[in-house]
Amino acid sequence: MKFAEFRKRFYRMINPRDEGFFDLFERQVGVIQRSVPILQYIIRAQTSDCLWEKEVSELEKECDHVTKQIHEKLIACFITPFDREDISHLTKTLDDIMDHIEDAVMSIGVIHDDGHFGAKCGADDSDVKTFLEIVCKSIPLICEGIILLRGMDDIQKQREQMRALEHEADDLYRKVIAHIDNFDAYALLKHVQGPVYPQGIQRVLDEISYRNRKKEIIRNLEDAIDKCNEAFVVLSQIYIKHS
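The structure presented is a predicted model; accordingly, all values stated were derived computationally and were not measured. Residue positions within a chain follow its written sequence, with the count starting from 1. The predicted origin of the model limits local features to residues at a pLDDT of at least 70 and limits the giving and counting of side-chain atom pairs to 80 or more, whereas totals for whole chains, interfaces and linings rest on all residues. Only heavy atoms go into the side-chain values, all of them from the structure, while hydrogens and water stay out.

Undergrad: Let's hear about the overall build of the protein: which residues, and what values?
TA: Note on conventions: DSSP H or I runs of at least 4 residues are helices, E runs of at least 2 residues are strands, and numbering of each starts at the N terminus. Regarding its fold elements, the protein presents nine helices and zero strands. Looking at the 243 residues of the protein, the share that counts as buried comes to 46%. In the protein, of all internal contacts separated by at least 6 residues, the share reaching a separation of at least 24 is 83%. Here the accessible surface of atoms and residues is derived via Shrake-Rupley with a 1.4 Å probe, and residues count as covered only by protein chains that are part of the display. Per element, the accessible surface of the protein, about 12600 Å² overall, is 54% carbon and sulfur. For every residue, the accessible area (1.4 Å probe, protein chains only) is compared with the maximum for its type, and the residue is labelled buried under 20%, exposed over 50%, or partly exposed between those bounds. The contact criterion used is simple: two residues touch if any of their non-hydrogen atoms lie within 4.5 Å.

Below, the structure is given as structure tokens:
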């Protein structure tokens, strides 16, 4: 028997644990995982679908319910599989991922309804879609990390992949926000045919509204990715303490 396997078995012998926490964590990430097909559909879509918001909102409520179950179990249990603060931190971080995804999808729905998203109006939203793709790559890594938690198995590979995705998102975030903030209202007004008022003013206001909404989407997606990376930080702390 390898020493690493012996160490795991010995730790389990001297530290009885309630497997229910692992079941709940796996349920929680399972709910988050179900948002991936919705995000992938949004990436390909050219028109709005009200089911986006409904389905993601239902997932967020389900994730909240699992989070509540974990907190209730944490209060009721005397012996926990690892530190209470780590359990609380991990479940809150996972819940935050779902919250940020929901907020982003809701804002995307508003932009779609206003006719500002994708090829429908000729807008270049490839950066938003890139962020959605990064989120879609991050979530399966979190699922793998949570599954490996049950056996206290090494998550270094998944953590390195997650760190690379977070760095990619950070670089993209800085570029996108700089582009959004670089807005010249006068240049936009020059393209307005006929009297500037009220048509030109309305166009400027619409553009400002779109840019603010897009910034909100980008920030929520960036926050979701940051929370995925934070979850791996917590998992690594747990692994270091108990492996």
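Undergrad: Which residues make up the packing of helix H2 (residues 20-33) against helix H4 (residues 50-76), and what values go with them?
TA: As a rule, the C-alpha atoms of each element are fitted with a line to give its axis, helices using only the stretch in contact, and angles between N-to-C directions run from 0 to 180 degrees. Two elements in contact, H2 and H4, have axes separated by 9 Å at closest approach and are oriented at 165°. One finds that H2 runs roughly antiparallel with respect to H4. With respect to the hand of their crossing, H2 and H4 are arranged in left-handed fashion. Contacts from Gly20, Phe21, Leu24, Phe25, Arg27, Gln28, Val31 and Ile32 in H2 reach Leu59, Glu62, Cys63, His65, Val66, Thr67, Gln69, Ile70, Lys73 and Leu74 in H4. When residues are grouped by polarity, Ala, Val, Leu, Ile, Met, Phe, Trp, Tyr, Cys and Pro land in nonpolar, Asp, Glu, Lys and Arg in charged, and all others, Gly among them, in polar. In terms of residue class, the contact of H2 with H4 is built from 10 nonpolar, five polar and three charged. Between 65 and 115 degrees an angle is taken as roughly perpendicular, under 35 as roughly parallel, over 145 as roughly antiparallel, and anywhere else as oblique. A crossing counts as left-handed when the near helix is turned anticlockwise from the far one by less than a right angle, and as right-handed when that turn is clockwise.

Undergrad: Describe the nonpolar core, and please don't skip the residues or the numbers.
TA: Residues Phe25, Leu90, Leu94, Ile101 and Leu149 are the most contacted members of the largest nonpolar core, which totals 63 residues. Among the elements that take part in this core, helix H6 (residues 126-149) stands out by supplying 12 residues, more than any other. Excluding residues within four positions of it along the chain, Phe25 makes contact with Ile70, Phe82, Ile87, Leu90, Thr91, Leu94, Ile146 and Leu149. Buried Ala, Val, Leu, Ile, Met, Phe, Trp, Tyr and Cys residues form a nonpolar core when they are joined through side-chain atoms within 4.5 Å.

Undergrad: Break down the packing of H6 against helix H7 (residues 156-181) for me, with residues and values.
TA: With their axes 10 Å apart at the nearest point, H6 and H7 run at an angle of 160° to one another. Taken together, the axes of H6 and H7 are roughly antiparallel relative to one another. Along this stretch, H6 crosses H7, giving a crossing that reads as left-handed. Taken together, the residues of H7 that come into contact with H6 (itself represented by Asp127, Thr130, Phe131, Ile134, Lys137, Ser138, Leu141, Glu144 and Leu148) are Gln158, Gln161, Met162, Leu165, Glu168, Ala169, Leu172, Tyr173 and Val176. Here the residues of the contact of H6 with H7 sort into 10 nonpolar, four polar and four charged.

Undergrad: Kindly report on the side chain of Thr93, identifying the contributing residues and their values.
TA: Mapping Thr93 onto the fold places it in helix H5 (residues 84-113). Thr93 sits in the buried class, given a relative accessible area of 1%. Within the structure, Thr93 has its side chain in polar contact with the side chain of Glu230 (distance 3.4 Å). In the analysis that follows, any N or O atom pair within 3.5 Å is treated as a polar contact, provided that within protein one partner can donate a hydrogen and the other can accept it, and provided that, for residues neighboring in sequence, both atoms belong to side chains.

Undergrad: Provide a residue-level description of the confidence of the model for the protein, including the pertinent values.
TA: As a per-residue measure, pLDDT tells how confident the predictor is, with possible values from 0 to 100. On average, the protein scores 83 in pLDDT, and the residues at 70 or more come to 75%. Mean pLDDT across the elements of the protein bottoms out in helix H1 (residues 3-14) (52) and peaks in H2 (96).

Undergrad: Pulling in residues and values, what's your account of the side chain of Lys214?
TA: In this structure, Lys214 sits in helix H9 (residues 199-242). Since its relative accessible area comes to 4%, Lys214 is described here as buried. Polar contacts involving the side chain of Lys214 include one to the side chain of Asp127, which spans 3.2 Å.

Undergrad: Account for the packing of aromatic side chains, naming residues and giving values.
TA: Pairs were defined over the aromatic rings of Phe, Tyr and Trp, the Trp ring being its six-membered one, requiring ring centres within 6.5 Å. Orientation was assigned from the angle between planes: stacked under 30 degrees, edge-to-face over 60, tilted for the rest. Taken as a whole and assessed by the stated rule, the structure comprises three aromatic pairs. Between the aromatic rings of Tyr41 and Trp52, the centroid separation amounts to 6.4 Å while the plane-to-plane angle is 75°, which identifies the pairing as edge-to-face. Taken together, the residues Tyr41 in helix H3 (residues 36-44) and Trp52 in helix H4 connect sequence positions 11 residues apart. Among the residues examined, Trp52 registers a relative accessible area of 2% and is labelled buried.

Undergrad: Give a detailed account of H2, specifying residues and quantitative values.
TA: Residues that lie three or four places apart on an α-helix share one face, since the helix turns once every 3.6 residues. A rise of 1.5 Å per residue sets the reference length of H2, with its 14 residues, at 20 Å; its end C-alpha atoms lie 20 Å apart and thus fit the reference within 8%. Looking at H2, one finds that the buried residues are Gly20, Phe21, Phe22, Leu24, Phe25, Gln28, Val29, Val31 and Ile32. The span expected for a helix works out to 1.5 Å for each residue beyond the first.

Undergrad: Kindly report on the pattern of salt bridges, identifying the contributing residues and their values.
TA: Salt bridge, as used here, is a side-chain nitrogen of Lys or Arg placed within 4 Å of a carboxyl oxygen of Asp or Glu. Within the structure shown, the criterion is met by 11 salt bridges. For the salt bridge of Lys241 with Asp86, the shortest nitrogen-to-oxygen distance reads 2.8 Å. Note that Lys241 is positioned in helix H9 and Asp86 in helix H5, a separation of 155 residues in sequence. Arg174 is the partner of Asp171 in a salt bridge, and the nearest nitrogen-oxygen pair spans 2.5 Å. Pair noted here: Asp171 and Arg174 are both in helix H7, with a separation of three residues, about one helical turn.

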